[in-house]
Amino acid sequence: MSKPFTLHIYKDGASFNQAAAWLLTTLAQEAVGPEGRFSLALCGGSTPTGVYKRLAERPFCDRIPWQQTHLFWGDERLVPPDNPGSNYGQVAEVLLEKVPIPPQNIHRACGELDMETAVADYTHQLQAFAGNGETPVLDVVLLGMGSDGHTASLFPSSSVQQPDWVVGVTADYDGRPAQRISLTPTVINCARHVIFLVSGSSTAETLQKVMYGPHRPEILPAQRIKPVNGTLTWLTDTAAAQHLSQLT
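Trainee: In this structure, what is going on with helix 4 (residues 87-94)? I would like to understand it.
Mentor: Because an α-helix completes one turn every 3.6 residues, residues spaced three or four positions apart along the sequence face the same direction. In terms of burial, helix 4 is a largely internal element, 7 of the 8 residues being buried. Looking at helix 4, one finds that the buried residues are Asn87, Tyr88, Gly89, Gln90, Val91, Ala92 and Val94. Packed against the buried residues of helix 4 are strand 2 (38-42), helix 2 (49-55), strand 3 (69-73) and strand 4 (75-77). The opening residue of helix 4 is Ser86, an N-cap whose side-chain oxygen sits 3.3 Å from the backbone nitrogen of Tyr88.

Here it is as C-alpha cells:
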C-alpha cells in the first residue's frame with residue numbers, strides 16, 4: 001500500500017485482545033481531552049469479539065470515558081437487532097450491556113429497515129453527529145478483513161459512488177447471502193485513526209497481497225483504505241502474519 005502504516009503482530013488471541021483494548025483506551029482518553037467526546041466505529045465478525053469483551057472488563061471499563069463515547073458501526077446486515085447476524089446485537093451482548101454508555105450515544109445502523117431507508121437513516125445520523133455539513137471525522141474506525149480482501153461490507157467489484165457516506169450492498173460471503181449497509185471509504189479515510197483487526201491463517205495470503213502487493217482495490221477492497229490525514233494501524237496474530245516475516 002502506498003500510504004505508510006504501522007504493523008503489530010501478536011503471538012496469541014489473549015495478547016492481541018489486550019493490546020487492542022489498551023490502544024482503544026489510550027485513543028479514547030486522548031480524544032476526550034481536546035474534543036470533549038470520543039467517536040468510534042465498530043466492526044463485526046469473530047475477531048473483534050475478544051477485544052469487546054476485554055473492554056467490558058477492568059481495567060479498561062473503568063478507564064474509558066463512556067459518558068463522552070459515541071459508537072457507530074462500519075457496516076450492518078439488514079436484520080433486526082436481536083438477530084444472530086446483527087453486528088449491533090453482537091456488541092450489545094458482550095459490551096454495551098456491561099458498560100455505562102448513555103443510550104443516546106449509541107448510533108446504530110437500523111438493520112430492520114429496508115435498504116434505501118436504512119442508508120438514508122444512517123447518513124442522517126452521521127450528518128447530525130458531524131453538525132457542520134462536512135464529512136464526519138470519527139476518532140477511530142475499526143475494520144476487519146475477510147479472506148477475499150473485503151472490509152466493512154465493501155466487497156470485490158462492489159461499486160462505491162463518491163462522495164456517498166453510506167452504501168447499500170447485496171453480498172454472498174461464506175455462503176451467507178445478505179443485504180447490508182456500509183460506511184464508504186469517503187468516511188473511513190477521514191478518520192483520525194483506522195485500525196485493522198486481522199487474525200487467522202485463512203487471511204494470511206490476502207493480508208500479504210493487501211499490504212505489499214500491487215494496488216488493485218477493485219479486487220482487494222481493503223486497499224481502498226488510505227487515511228487522508230489519519231493513522232493506519234494493522235493488528236494481527238502470527239497466523240495471519242505468517243507470510244509477512246520476510247517483508248517486515
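Trainee: Looking at this structure, I do not really get empty space enclosed by the protein. What am I missing?
Mentor: Unfilled space is identified by rolling a water-sized probe across the atoms. Within the structure shown, the criterion is met by 1 cavity of 30 Å³ or more. Computed from the structure, the largest cavity encloses a volume of approximately 60 Å³. If you go around the largest cavity, the residues you meet are Leu24, Phe38, Leu40, Leu42, Leu55, Ile64, Trp66, Thr69, Leu71 and Leu95. Only strand 2 and strand 3 provide two or more residues apiece to the lining of the largest cavity. At 3 residues, the largest contribution of residues to the lining of the largest cavity is made by strand 2.

Trainee: Looking at this structure, how should I read the state of the cysteines?
Mentor: Chemically, a disulfide is nothing more than a covalent bond linking the sulfur atoms of two cysteines. One pass over the structure, following the stated rule, counts 0 disulfides. Cysteine Cys190 remains unbridged, with the sulfur of Cys43 as its closest cysteine sulfur at 19 Å. With relative accessibility at 28%, the residue Cys190 sits in the partly exposed group.

Trainee: How should the pattern of salt bridges be read in this particular structure?
Mentor: Pairing is possible between side chains that carry opposite charge, provided their charged atoms lie close to one another. For the coordinates displayed, the defined rule picks out 4 salt bridges. One salt bridge connects Arg192 with Asp139, and the closest N-O pair in it is separated by 2.9 Å. Residue Arg192 is located in the loop between helix 6 (185-188) and strand 8 (193-198), and its partner Asp139 is located in the loop between helix 5 (115-130) and strand 5 (140-143); the two are separated by 53 residues in the primary sequence. Overall, Arg192 belongs to the partly exposed group, its relative accessible area being 32%.

Trainee: Quick question: what am I supposed to make of the side chain of Asp139 here?
Mentor: Accessibility expressed as a relative area gives 5% for Asp139, which makes it buried. Among the polar contacts listed, one links the side chain of Asp139 to the side chain of Arg192, at a separation of 2.9 Å. Excluding residues that lie within four positions of it along the chain, Asp139 makes contacts with Ala31, Arg37, Phe38, Ser39, Arg192 and His193.

Trainee: Whenever I open this one, the layout of surface pockets confuses me. Can you help?
Mentor: Here the largest pocket is characterised by a volume of approximately 620 Å³. If you trace the largest pocket, you find 31 residues lining it, with Gly44, Gly45, Ser46, His150 and Tyr173 closest to the centre. Secondary-structure elements contributing two or more residues to the lining of the largest pocket are strand 4, helix 4, strand 7 (176-183) and strand 8. For the lining of the largest pocket, the per-class residue count stands at 9 nonpolar, 17 polar and 5 charged. Roughly 190 Å³ of internal volume is contained in the second largest pocket. As for the second largest pocket, its lining consists of Glu35, Arg37, Ser39, Phe129, Ala130, Asn132, Glu134, Thr135, Pro136, Val137, Asp139 and Arg192. The residue makeup of the lining of the second largest pocket, split by class, is 4 nonpolar, 3 polar and 5 charged.

Cut-offs used in this document
- Residues numbered from 1 in each chain as written.
- Predicted model: local features only at pLDDT ≥ 70, side-chain atom pairs only at ≥ 80, totals over all residues.
- Heavy atoms only, no water.
- Buried < 20%, exposed > 50% of the residue type's maximum accessible area, 1.4 Å probe, protein only.
- Helix = DSSP H or I, 4+ residues; strand = E, 2+ residues; numbered from the N terminus.
- Contact = heavy atoms within 4.5 Å.
- Polar contact = N/O pair within 3.5 Å; in protein donor to acceptor, adjacent residues only side chain to side chain.
- 1 Å grid on protein atoms, 1.4 Å probe; cavity = no way out; pocket = protein on both sides within 12 Å on 5 of 7 lines; lining within 4 Å.
- Points joined across faces, edges and corners; volume = space filled by probe spheres on them.
- Disulfide = S-S within 2.5 Å.
- Salt bridge = Lys/Arg side-chain N within 4 Å of Asp/Glu carboxyl O.
- Nonpolar A, V, L, I, M, F, W, Y, C, P; charged D, E, K, R; others polar.

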